[in-house]
Amino acid sequence: MRYGETGFNLEIDLSRGNIERVESDPKLTELHLGGLGTNAKILWDRVPPETDPFSPDNLLIFGTGLLCGTPAPGANRTILTTYSPQTLLMAYSMMGGFWAPELKYAGYDKVILRGKSPKLVYIWIHNDKVEIRDASHLHGKGAVETQELIRQELKEPNAQVAAIGLAGENRVYTASIEQGRSSASRLGIGAVMGDKGVKAIAVRGTKDINLARPAEFFELCSDVLKYIKFRNENPVPNVMTILQGLGSPQEMLHVDEKWHTENFSWGNSRARRKDFWTKEVEDKWKETQENARKRLISCYNCPMKCGAIISLPGMSTYMMKCFSKLTYTMAAFVDSLDFGFRIAQRATEYGVDGFSTPQIMAFAFELKDAGILTDEDFAGCPSDNEGRFYWLLDRIVRREGIGDVLANGTHWAAQQIGKGAEAYAHNNIKKHEQLPLKLGMLNPVYFLMYATGEKINITQIEGQFPQSPFATMEEREDFIKDWIQVPDEKFKQIVLDWEMRGERSNPYYPTPEMSCDIVDWQEKMHYIDDALGVCAGLSSFPLKPPYHIHNYPHFISAATGIDVDEAGLTRVYKRNRTLVRSINVRRGLRRADEVPPEDHWRKRFPELEAKLLDEYYKFKGWDNQGIPTKEALQELDLGYVAEDLEQRGIIKNEQD
Ligand code: SF4
């Protein structure tokens, strides 16, 4: 009997219309856990590096995390893996909501799509019955609307439906997959789904998940719930409001946006508006938000309520979460929050990433102001600020006129437009738009996270360690006194010694060695979460979370029966991290790609930054191009990866 997981994947060949239920290898669960780990293994084994993201040979894997569907609070993530049309590297975007537990209750750990359907279809998974159904009547329908239409058509109000909108159908690189309470938005996952001709996957499952040691597991869950309650009642003091609690930033709950609106950049990630947040703005935005927000909502089995149902007169209801409340408003330089809520509704139906898409539009209008794009490119565009953003959004998702170029994101659009447009695509790492954040002094830990992260999402750069030093020794001592999550006491000393000014301050402190240690801890938690399917909002993203390296091994053992301790789990993390890196190295990723935007920090330190990268690579067992060494690969049971990289001349040639 398999515990924690179902032990079966659904393999669907869309070109042939073939559906197979395939038993997975339990040994791979021990080596990689599930979710991201086993997704990466499948991508490595089955999709050659030469494969174009829009080739029928590219896979799109919907992988549930190992703990999804168990009673573990917040274990609800689906990890979507493919080759990204945006970065051309491995994408592993993820969505919360309810889809992953439902798939496991239907009896599957993953849905693996290959090939391309000749016509638009949707997939209906109802326990053992799986069908590919015609979706021609859903052409052009919104991503939220589609979910409801499918539920009605199937007469299954409890089916969980992951769907794309028009953007995905048109292979827009920022296309998302929307699912009830959540979405997988980054890296063009929705474009690959659209390319495969799949409008949606609907799931209904009524089976059970077996637990190896249920009583012990429930005890652990109960401890986590108690700790969540404690943390909700005891916010971390002396840090920014949005860092004090658990979950994703509580943008739907809080109305105070002084910090975001005055510190994040407006337009095409250019300008700060230091005096924006007045009492008048605050009152107006509060009124707008409270009118629009019908209620706060959670993902499956989670006591946090990070999302909200939004409903405004004249438009259908939708779900909003996190920072997307502000991205359109700030990109368009609009002072009204109402605009942000309204355009986000249209964008959600189209199914686009709320981080990149507003930046792409702001980028386009900058190019117009600079004379690089012309009036002809914008023929018919309204002159008012709000109107022109709606107009351009419509053109991008339809790939009409200049929208067809912009639909490929700022990096590729700039290359196509030329005439100096590249300088305006200034906020990218690995060809993908980043947070519109411009800072003063370089922080060595965040430099490494930004430069080397391969998830390209927003939360990958947040973690367990405070973002800035505490002002007084009293505050530092207060912070470390109940810091049970630290894997090693040395992290407490770094917090105690970290100063705001002087020798022990950014950018030279934490030292490169310490920074590598801190980044490694942060990455470890993200990689474990992504293999287990636990929301980062309860683990790798906030300070002092309920899940950590000390209790995770017990969860895994009690759920699956796999005997693992902290050292063993760390080894799995290293294996998964190194495998993801190897997939990307095989796709061409090198040190030259690991560069944060030139203007991300005002003060830069080229020598220090080079040293940070050198140390990080060394720490990981990689060479100075960021390529895992043969020894490091063999040590992590990835000898077959070393062989492949050697055969391709990647290890031998470049390390020589
Ligand atoms: S913490 Fe928030 S985003 Fe995470 S599972 Fe809970 S409700 Fe969803």
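Residues numbered from 1 in each chain as written. Predicted model: local features only at pLDDT ≥ 70, side-chain atom pairs only at ≥ 80, totals over all residues. Heavy atoms only, no water.

(A) Representation of the site of the ligand within the structure. Surrounding the ligand, one finds Asn76, Arg77, Arg181, Gly247, Ser298, Cys299, Cys302, Met304, Cys306 and Cys535. Residue classes in the shell around the ligand are distributed as five nonpolar, three polar and two charged. Residue-level mapping places the shell around the ligand at the junction of two domains, with at least three residues from each of domain 1 (8–204) and domain 2 (240–433). (Near = heavy atom within 4 Å. Nonpolar A, V, L, I, M, F, W, Y, C, P; charged D, E, K, R; others polar. Domains from an automatic or database assignment.)

(B) Quick peek at helix H10 (residues 324–331). In terms of residue burial, H10 counts as a mostly covered element, since eight of its eight residues are buried. Residues of H10 that are buried make contact with helix H8 (258–263), helix H9 (279–292), strand S15 (318–321), helix H11 (337–350), helix H12 (356–369) and helix H13 (385–398). Looking one or two residues past H10, Phe333 carries a phi angle of roughly 55°, positive in sign. (Buried < 20%, exposed > 50% of the residue type's maximum accessible area, 1.4 Å probe, protein only. Helix = DSSP H or I, 4+ residues; strand = E, 2+ residues; numbered from the N terminus. Contact = heavy atoms within 4.5 Å.)

(C) Spotlight on the packing of aromatic side chains. Under the criterion given, the structure shown has 33 aromatic pairs. Centroid distance Tyr450 to Trp601: 6.1 Å. Interplanar angle 65°. Geometry classified as edge-to-face. Pair noted here: Tyr450 is in helix H16 (residues 444–452) and Trp601 is in the loop between helix H21 (566–586) and helix H22 (606–620), with a separation of 151 residues, a long-range link. With a relative accessible area of 1%, Trp601 lands in the buried category. Through a chain of ring-to-ring contacts, the aromatic side chains of Phe465, Phe470, Phe479, Trp483, Phe491, Trp498 and Trp521 assemble into a single cluster. Above the ring of Phe365, the side-chain terminus of Arg388 is found at 4.0 Å from the ring centroid. (Phe/Tyr/Trp six-rings, centres within 6.5 Å; stacked < 30°, edge-to-face > 60°. Lys NZ or Arg CZ within 6 Å of the ring centre and 35° of its normal.)

(D) Broad picture of the nonpolar core. Membership of the largest hydrophobic core comes to 97 residues, with the highest contact counts inside it found for Phe62, Val111, Leu113, Ile125, Ile201 and Leu392. Counting the residues that make up this core, at least three belong to each of domain 1 (8–204) and domain 2 (240–433). With residues up to four places along the chain from it excluded, the contact list for Leu113 reads Ile12, Leu14, Asn58, Leu59, Leu60, Phe62, Ile123, Lys196, Val198 and Ile201. Among the nonpolar cores identified, the runner-up in size contains 95 residues, and Phe217, Val236, Met304 and Val495 belong to it. (Core = buried A, V, L, I, M, F, W, Y, C linked by side-chain atoms within 4.5 Å.)

(E) Geometry of the side chain of Lys438. With respect to the helices and strands, the residue Lys438 is situated in the loop between strand S17 (432–433) and H16. Side chain to side chain, Lys438 and Asn427 meet in a polar contact 2.6 Å long. Here the side chain of Lys438 touches Asp599 through a polar contact of 3.0 Å, side chain to side chain. When residues no more than four places from it in sequence are discounted, the contact partners of Lys438 are Asn263, Ser265, Ser269, Arg272, His426, Asn427, Pro597, Asp599 and His600. (Polar contact = N/O pair within 3.5 Å; in protein donor to acceptor, adjacent residues only side chain to side chain.)

(F) The arrangement of the domain arrangement of the protein in detail. For the protein, the assigned domains read domain 1 (8–204), domain 2 (240–433) and domain 3 (445–654). Placing the centre of domain 1 and that of domain 2 at their C-alpha centroids yields a distance of 26 Å. With both chains or domains summed, domain 1 and domain 2 bury close to 2,900 Å², and 54% of this area falls on carbon and sulfur atoms. Between the two partners, domain 1 and domain 2, sit one salt bridge. Here domain 1 is connected to domain 2 by 27 residue pairs in polar contact (both at pLDDT 80 or more). Secondary structure elements with two or more residues in the side of domain 1 that touches domain 2: helix H3 (99–106), helix H4 (143–154), helix H5 (166–169) and strand S11 (182–184). (Buried area = accessible area lost by both parts, 1.4 Å probe. Salt bridge = Lys/Arg side-chain N within 4 Å of Asp/Glu carboxyl O.)

(G) The arrangement of unusual backbone geometry in detail. Following Asn506, the chain continues to Pro507 via a peptide bond in cis, the omega torsion being 5°. Following the sequence through the fold, Pro507 ends up in the loop between helix H18 (490–497) and helix H19 (512–532). Cis geometry is adopted by the peptide bond preceding Pro510, which originates at Tyr509 and carries an omega value of -5°. Considering the arrangement of structural elements, one finds Pro510 in the loop between H18 and H19. Notably, Lys155 is not glycine yet its phi reads approximately 55°, a positive angle. In this structure, Lys155 sits in the loop between H4 and strand S9 (160–163). Look at Lys155 and you get exposed, because its relative accessible area is 69%. For Lys431, which is not glycine, the phi dihedral falls at a positive 70°. Among the structural elements, Lys431 can be located in the loop between strand S16 (428–429) and S17.

(H) The sheet that holds strand S14 (residues 307–310), seen in detail. Read from one edge of the open sheet, three strands run S13-S14-S15, paired in antiparallel fashion. Strands at the two margins of the open sheet, each flanked by one partner only, are strand S13 (293–297) and S15. The mean angle between the axes of side-by-side strands here comes to 30°, regardless of whether they run parallel or antiparallel. Relative to S14, S13 runs antiparallel, the two being bridged by four bridges. If you follow Arg293 over to S14, its bridge partner there is Ile310. This element, H9, spans S13 and S14 of the sheet and lies at about 70° to S13. Packed onto the sheet, H11 meets S14 and S15 and runs at close to 115° relative to S15. (Pairing = 2+ DSSP bridges. Axes fitted to C-alpha atoms, helices over the stretch in contact; angles between N-to-C directions.)

(I) Main features of the environment of Asp593. If you trace the backbone, Asp593 turns up in the loop between H21 and H22. Since its relative accessible area comes to 28%, Asp593 is described here as partly exposed. Along the backbone, Asp593 and Asn9 are 584 residues apart, and their C-alpha atoms lie at a distance of 34 Å. Residues contacting Asp593, with those up to four places away along its chain left out, are Ile429, Lys430 and Gly588.

(J) Molecular detail of the sheet that holds strand S4 (residues 78–83). The strand order across the open sheet built from six strands is S2-S1-S6-S3-S4-S5, with neighbouring strands paired in mixed fashion. On the outer flanks of this sheet lie strand S2 (18–23) and strand S5 (90–95), each paired with one strand and no other. The average undirected angle you get between the axes of adjacent strands in this sheet is 15°. As defined by bridge partners, strand S1 (residues 8–13) adjoins S2 across six bridges and the pair is classed as antiparallel. Counterpart to Leu10 in the pairing with S2 is Arg21. Along the sheet, H3 contacts strand S3 (60–64), S4, S5 and strand S6 (110–114); its crossing angle with S3, the most-contacted strand, is approximately 85°. Of the strands in this sheet, S4 and S5 are in contact with H21, which crosses S5 at around 135°.

(K) Highlighting the pairing of strand S8 (residues 129–134). In terms of strand pairing, strand S7 (residues 121–126) meets S8 through six bridges, oriented antiparallel. Looking across to S8, one finds that Trp124 is bridged to Glu131. Taking the residues that link successive antiparallel strands as the turn, the S7-S8 hairpin has two residues, and the phi of Asn127 there is positive, at about 50°.

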